[in-house]
Structure formats: C-alpha cells, structure tokens
Amino acid sequence: MTTIRFFAAARAAVGVDEVSLAATTLDEALRSVTPADPDRWRALQERCSYLVDGVTTRDRSTALDGVAVVDVMPPFAGG
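Here's a quick rundown of the structure. None of the values given here were measured: they were computed from a predicted structure.

1. Regarding the nonpolar core
Reasoning step 1: Counting residues in hydrophobic clusters, the biggest one holds 20 residues, and the most contacted among them are Ile4, Phe6, Trp41, Tyr50, Leu64, Val70 and Val72.
Reasoning step 2: Elements represented by at least two residues in this core include exactly β1 (2–6), α1 (9–14), α2 (26–32), α3 (38–45), β3 (49–52) and β5 (69–73).
Reasoning step 3: For Ile4, the contacting residues outside a window of four places in its chain are Asp17, Glu18, Val19, Leu21, Ala29, Val70 and Val72.

What follows is the structure, encoded as structure tokens:
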C-alpha cells in the first residue's frame, strides 16, 4: 500500500488529506483516486509535481513498488 498525500489545491479537488491504495504506477494511483471535484482534479494533475518517497518527478509512469508515500504538490504562489 502507498499513501498518497494531497496539498493545497489538490486537497481541495480530492476532498481529503490522504488515501492509501495499492497501485503499480503513479498514473494508476492517480486514476484510482475518487475526487470530490473530478473536473478540477483532472485538470490539476497536469500541473502538479509529485514527490515519490521524497524524490521529485512528473513522470506518471514511475513505479510505486515499495514506495511508502507520494505527495501531490500543485503549483504554489511564490514558490
């Protein structure tokens, strides 16, 4: 199981702080999320960066085998 944590606009689109799920890739994990606002979530994913056990990626084919935490990081104002 991998814990997916959502921050800022991602948290608002999904409606929760985190979910735990089993997925083989980052893309599969993101598609498994049941968002509160599906349109916003779909559009937001293209602008996010992802921290996979602390390593930044935008490659949604990243394998999640053995990954404990993925942070979904939307663009932040001023950063």
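2. Points about the pattern of salt bridges
Reasoning step 1: A complete count under the given rule lists 6 salt bridges for this structure.
Reasoning step 2: Between Arg11 and Asp17 there is a salt bridge, with the nearest N and O atoms lying 2.8 Å from each other.
Reasoning step 3: Overlapping salt bridges bring together Asp27, Arg31, Glu46 and Arg60 as one network.

3. Brief notes about the packing of aromatic side chains
Reasoning step 1: Under the counting rule described, the total for this entry stands at 1 aromatic pair.
Reasoning step 2: Taking the centre distance of 5.6 Å and the plane angle of 80° together, the rings of Phe6 and Trp41 count as edge-to-face. Highlighted residues: Phe6 in strand β1 and Trp41 in helix α3, separated in sequence by 35 residues.
Reasoning step 3: Assessed through its relative accessible area of 1%, Phe6 is described here as buried.

So, how was this worked out
- Counting restarts for each chain, with residues numbered from 1 along the sequence as it is written.
- Residue-level local features of this predicted model are given only where pLDDT is at least 70; pairs of side-chain atoms are given and counted only at 80 or more, and the full residue set underlies all totals for whole chains, interfaces and linings.
- Each side-chain value is worked out from all heavy atoms of the structure, with water and hydrogens disregarded.
- Joining through side-chain atoms within 4.5 Å is the link that ties buried Ala, Val, Leu, Ile, Met, Phe, Trp, Tyr and Cys residues into a set, and such a set is a nonpolar core.
- Between buried and exposed lies partly exposed: a residue is buried under 20% and exposed over 50% of the maximum accessible area for its type, with that area taken using a 1.4 Å probe on protein chains only.
- Secondary structure elements are taken from DSSP: a helix is a run of H or I of four residues or more, a strand is a run of E of two residues or more, and numbering for both begins at the N terminus.
- For this analysis, residues touch if any pair of their heavy atoms sits within 4.5 Å.
- Here a salt bridge means any side-chain nitrogen of Lys or Arg lying within 4 Å of a carboxyl oxygen belonging to Asp or Glu.
- Note on aromatic pairs: the rings of Phe, Tyr and Trp (six-membered ring only in Trp) are paired at centre separations within 6.5 Å, and the planes decide the class, stacked below 30 degrees, edge-to-face beyond 60, tilted for the rest.

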